[in-house]
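# Close look at the chain arrangement
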Amino acid sequence: MHLSILVLASTLVAAPQQIKTEIRGSIEASLVRSHRDAGQALAAQVARLLGWEGDVVRQVHPKDSLKLLFEPGAEPQLLALAYRGQKIEMQAFRFSGYDDVPRFFDAQGKMIEPFLKNNPVPKYVQITEVPQRGRGKRFHNGLDLKAPTGTPIVAPYDGKISRVNWRKRYNGNCVDVIFHKKGTHALFLHLDKIAPGIKAGQRIKAGAPIGTVGSTGRSGAPHLHYELRDKRGRVLNPLDYHGTKPLTLSQDKMKAYQQVVQRYQKLLR
Ligand SMILES: [Zn+2]
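Residues numbered from 1 in each chain as written. Predicted model: local features only at pLDDT ≥ 70, side-chain atom pairs only at ≥ 80, totals over all residues.

Moving on, we get to the overall build of the protein. The helix and strand tally for the protein stands at six helices and 17 strands. Since a compact globule built from 269 residues should have a radius of gyration of about 18 Å, the 20 Å found for the protein is in line with a globular shape. Its C-alpha atoms give the protein principal-axis dimensions of roughly 60 × 55 × 35 Å. Here the protein holds 269 residues, and 29% of them are scored as buried. Taking the contacts inside the protein whose residues are at least 6 apart along the sequence as the reference set, 60% of them involve residues at least 24 apart. (Helix = DSSP H or I, 4+ residues; strand = E, 2+ residues; numbered from the N terminus. Rg over C-alpha atoms; globule rule 2.2 N^0.38 Å. Buried ≥ 20, exposed ≤ 12 C-beta atoms within 10 Å, placed from the backbone. Contact = placed C-beta atoms within 7 Å.)

Next up, the structure:
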C-alpha cells in the first residue's frame, strides 16, 4: 500500500501540454498568442533550437507551422517541437539518456546543437548565446553555456592564470586564463565559486578545475559566459577556435530514445 503510493507520487509529473500555431509575426508573438502563460518562456527555447538551422529573424515566414510539447510549471520546459516552414524544417525531442543532461536531438538521434570540443563545462545544458554584433542583434562577446549552479568548469587547454575577480560588479566571480596556444585570453565570468589554488600567475593544465557555474555579477540566470580574445584583444568565436563535433546517440541509447520520439510524435499529432 505505502509502496504503491510512493511509486505513484514519484512518477507524478504534470502531463505534457501541446501548442499548435501558425506563424504570424515573430515566433514569440505567435506563441504568446496561442498560449499567454507559457508562450514567452517557450519562445526563447524554440528560437535557440531553430537558430541552429537558420536565421530565425529572416527565415521564419508567415504560415509556417509550429507544434510543440512542453511541461507546464513556473518555468515551462520544452519537450519536443515540429517546425514545418518555407525555409526551416525541424523536429527536435528532449532526451536525457545521453549523459544525464537534457539535450535536444532530431528524429535520427543527432544532437541539434553542435557539441563544443574541449568544452569548459562538460555537463552544460545548452548554448544560450553566441558572440554576435550588428544590426538588430544583441551585442555579445562571449559564448553563454547554460548549466545549473555548481556545475564544474574546467580549463579547456593548458595555460596560465592572468587575473582573478576584476570588475566584480559586472563579471561576478571571474577568472582570466592565457592559453599557451597562441596566447589567447579566455575569460570565465559569473562563477558561483572559484576553485582553490586559482591565483594570478599559477599555471593550469587542461581539464583542471577553475570553479563552478553561477550567476554572480550582472547575470540573469546560472550560466558560464566564456569569452575568447586574441593577443590584440579581438573577440574570437569559441565555436571556431575550439571546433565542434556532431553528436549522435550510440546504438545502445537509440532504443530508449526511439521510445521517447514515438511517444512525443504521437502527442504532437
Ligand atoms: Zn554572456
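On to the environment of Ala107. You can see Ala107 is positioned in the loop between β5 (103-105) and β6 (115-116). When the C-alpha positions of Ala107 and Met90 are compared, they lie 9.2 Å apart, and in sequence the two are 17 residues distant. With sequence-adjacent residues up to four places away left out, Ala107 is seen in contact with Gln91 and Val261.

What follows covers the packing of helix α2 (residues 27-34) against helix α3 (residues 39-50). The interhelical angle for the contact between α2 and α3, taken along N-to-C directions, is 145 degrees, at an axis separation of 8 Å. Where α2 crosses over α3, the handedness of that crossing is right-handed. Between α2, through Ile27, Glu28, Leu31, Val32 and Ser34, and α3, the contact on the second element is made entirely by Gly39, Gln40, Leu42, Ala43, Val46 and Ala47. Here the residues of the contact of α2 with α3 are counted per class, giving seven nonpolar, three polar and one charged. (Axes fitted to C-alpha atoms, helices over the stretch in contact; angles between N-to-C directions. Left-handed = near helix turned anticlockwise from the far one by under 90°. Nonpolar A, V, L, I, M, F, W, Y, C, P; charged D, E, K, R; others polar.)

With that settled, the discussion passes to the domain arrangement of the protein. Domain boundaries assigned for the protein yield domain 1 (15-112 + 247-268) and domain 2 (116-245). Each of domain 1 and domain 2 was reduced to a C-alpha centroid, and the two centroids are 28 Å apart. Contact with domain 1, which involves six residues of that partner, is made by six residues of domain 2. In terms of residue class, the side of domain 1 that touches domain 2 is built from four nonpolar, no polar and two charged. (Domains from an automatic or database assignment.)

Attention now goes to the nonpolar core. By size, the foremost hydrophobic cluster in this structure holds 27 residues, and its most contacted members are Leu42, Val46, Leu68, Ala80, Leu81 and Ala92. Of all the secondary-structure elements, those providing two or more residues to this core are α2, α3, β2 (65-71), β3 (77-84), β4 (89-95) and β5. Sort the elements by how many residues they give to this core and β3 lands first, with six residues. Among the nonpolar cores identified, the runner-up in size contains 25 residues, and Val121, Tyr124, Ala147 and Cys174 belong to it. (Core = buried A, V, L, I, M, F, W, Y, C linked by C-beta atoms within 7 Å.)

A separate point is α2. Within the sequence span of α2, burial applies to Ile27, Ser30 and Leu31. All buried residues of α2 project into a common sector of 95 degrees when viewed along the axis, lining one side. Next to the buried residues of α2 lie β1 (17-22), α3 and β2. (Arc of directions from axis to C-beta.)

Below, the discussion takes up the sheet that holds β5. Ordered by their spatial adjacency, five strands build an open sheet running β1-β2-β3-β4-β5, and the pairing between neighbours is antiparallel. At either end of the open sheet lies a strand with only one pairing partner, and these are β1 and β5. When strand polarity is set aside, the average angle formed by the axes of neighbouring strands in this sheet is 25 degrees. With seven bridges joining them, β2 and β3 adopt antiparallel strand pairing. (Pairing = 2+ DSSP bridges.)

Phi is positive for Asn118, which is not a glycine, with a value near 45 degrees. Summarising the element assignment, Asn118 is placed in the loop between β6 and β7 (126-129). Not every positive phi belongs to a glycine, and His190 is a case in point at roughly 70 degrees. Among the structural elements, His190 can be located in strand β12 (residues 185-194). Given 23 C-beta atoms within a 10 Å radius, His190 is considered buried.

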